[in-house]
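Coordinate analysis (summary)
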Amino acid sequence: MEWRETAAELERARSEQALWISGPHGALFAILTPAAPHVVPADLCVLMPTRTRWRPGRMPVKVARSLAARGFTTVRLDCHGHGQSEGEAVISGRDFVSGEDVVAAIRHLRKRLGFQRFVIAGYCSDALSGLAAFPTEGNAIAAIVALAVPVLRNPENEWDRKYVLDAMLDGRKLRRYLKFPRGWTRKLASAGRALARSALRPTDCNRFRFAAGFEFEALVRSGARALFIFGREDLYYWEFQKVERELIAPLSPRSRRLIEVEVWPGRAHVAGDVQLEQALYLRAADWIAALHPAGEAQLPDADVSKRPWPNVCSELP
């Protein structure tokens, strides 16, 4: 679906400023989109850490300008080694996240520009970079949106067991897997071994290790609101169900109310699907906009009823 900037968003584009931020791996480059001067300010700065500040389809660009038109100052940050930021380019993932870049950006924006409260939004491993900032800057983060975020450090054995269990329960899947002997047959064999090994040792709910940056306890301590979005068919959501059972379920009702989990039909993590990514970012933008103290009054150009969201369900009360 095509997404054109409104007149208010184009006005915000003309006011954008470049920022250079001192980071632990060299200078970080960012684009600041100031809040519209004629709108009640939200007193929240939205920080979007990305490997490149535009991403496919320019989703962070469009979200930044949309939120700025609603009263939020936004910052799109090139994480180190990506875009125009200095430092060695590292493949972002479960073991390499850029939480220190997010911390550096928060401290720069506080010291140089006076911002005190922040909202972080990220997709996939960029969301892990935002979560990684909570141990040191949790008191300054009011909310975070994590779109299709991986949570386990070493998911391969877990996924293998899921594949073999699915195949055992669904003969059609097993027949489909066996059509590719060089791929799925080997995977099913390793999955069977992983399943056998897991049956020989007692179950310990604390034995799985989280991905680098998944600082869930720090998130809870901060009292920040959080929105997690997954697709029901995503393996990332299968991973996150461990978090729901073992970390979220034991929380107090007050803490649980701060954490929202939306599960969309189908998948929410599909490489190259710009339309899907657009829908995710639109949902993130409207959720963040609802944090504004003036609420819906800050949506002059947005018809939320026409948003391309699928029918979603919340997995938590």
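On a predicted model such as this, the values are computed, not experimentally measured, just so you know. (Residues numbered from 1 in each chain as written. Predicted model: local features only at pLDDT ≥ 70, side-chain atom pairs only at ≥ 80, totals over all residues. Heavy atoms only, no water.)

The next subject is the overall build of the protein chain. Each helix and strand in the protein chain was counted, giving 12 helices and 9 strands. Taken across its 317 residues, the protein chain has 52% of its residues classed as buried. Pairs at least 24 residues apart make up 77% of the contacts formed inside the protein chain by residues separated by at least 6 positions. Per element, the accessible surface of the protein chain, about 15200 Å² overall, is 52% carbon and sulfur. (Helix = DSSP H or I, 4+ residues; strand = E, 2+ residues; numbered from the N terminus. Buried < 20%, exposed > 50% of the residue type's maximum accessible area, 1.4 Å probe, protein only. Contact = heavy atoms within 4.5 Å. Areas by Shrake-Rupley, 256 points an atom, 1.4 Å probe, with all protein chains shown as cover.)

By secondary structure assignment, the location of Asp78 is in strand E4 (residues 73-78). Here Asp78 falls in the buried class, since its relative accessible area comes to 0%. A distance of 2.9 Å separates a polar atom in the side chain of Asp78 from the backbone nitrogen of Gln84. (Polar contact = N/O pair within 3.5 Å; in protein donor to acceptor, adjacent residues only side chain to side chain.)

Here the phi dihedral of Asp43 falls at roughly 60 degrees; this positive angle occurs in a residue that is not glycine. By the secondary structure assignment, Asp43 is in the loop between strand E2 (26-33) and strand E3 (45-50). Despite not being glycine, Ala148 shows a phi value in the positive range, around 50 degrees. Position of Ala148 among the secondary structure elements: in the loop between strand E6 (141-147) and helix H6 (156-169). Residue Ala148 is classed as buried on the basis of its relative accessible area of 0%.

To continue, consider the confidence of the model for the protein chain. Detailed reading of predicted coordinates is not advised where the pLDDT is low. In the predicted model, the protein chain carries a mean pLDDT of 81, and 72% of its residues have values of at least 70. Counted against residues more than four places away or in other chains, residues 194-208, with its pLDDT under 50, gives 14 contacts. Low pLDDT, under 50, characterises residues 297-309; the stretch is placed with 23 contacts to residues that sit more than four places away or in other chains. (pLDDT = per-residue confidence, 0-100.)

Our next topic: helix H3 (residues 99-113). With 15 residues, H3 extends 21 Å between its outermost C-alpha atoms, agreeing within 8% with the 21 Å of an ideal straight helix rising 1.5 Å per residue. Looking at H3, one finds that the buried residues are Gly99, Asp101, Val102, Val103, Ala104, Ala105, Ile106, His108 and Leu109. Downstream of H3 by a residue or two, Gly114 has a phi angle that is positive, lying close to 85 degrees. (Expected span 1.5 Å × (residues − 1).)

What follows deals with the nonpolar core. Counting 80 residues, the largest nonpolar core has Leu131, Val149, Phe214, Leu219, Phe228, Phe240 and Ile288 as the members making the most contacts within it. Apart from residues no more than four positions distant in its own chain, Phe228 is found in contact with Leu131, Ala146, Val149, Phe214, Leu219, Phe240, Ile259, Glu260, Val261 and Glu262. (Core = buried A, V, L, I, M, F, W, Y, C linked by side-chain atoms within 4.5 Å.)

This brings us to empty space enclosed by the protein. In the structure shown here, the tally under the stated rule is 1 cavity of 30 Å³ or more. Taken as a whole, the largest cavity encloses approximately 40 Å³ of empty space. Lining of the largest cavity is provided by Leu219, Val220, Gly223, Ala224, Ser255, Leu258 and Ile259. Broken down by class, the residue content of the lining of the largest cavity amounts to 5 nonpolar, 2 polar and no charged. (1 Å grid on protein atoms, 1.4 Å probe; cavity = no way out; pocket = protein on both sides within 12 Å on 5 of 7 lines; lining within 4 Å. Points joined across faces, edges and corners; volume = space filled by probe spheres on them. Nonpolar A, V, L, I, M, F, W, Y, C, P; charged D, E, K, R; others polar.)

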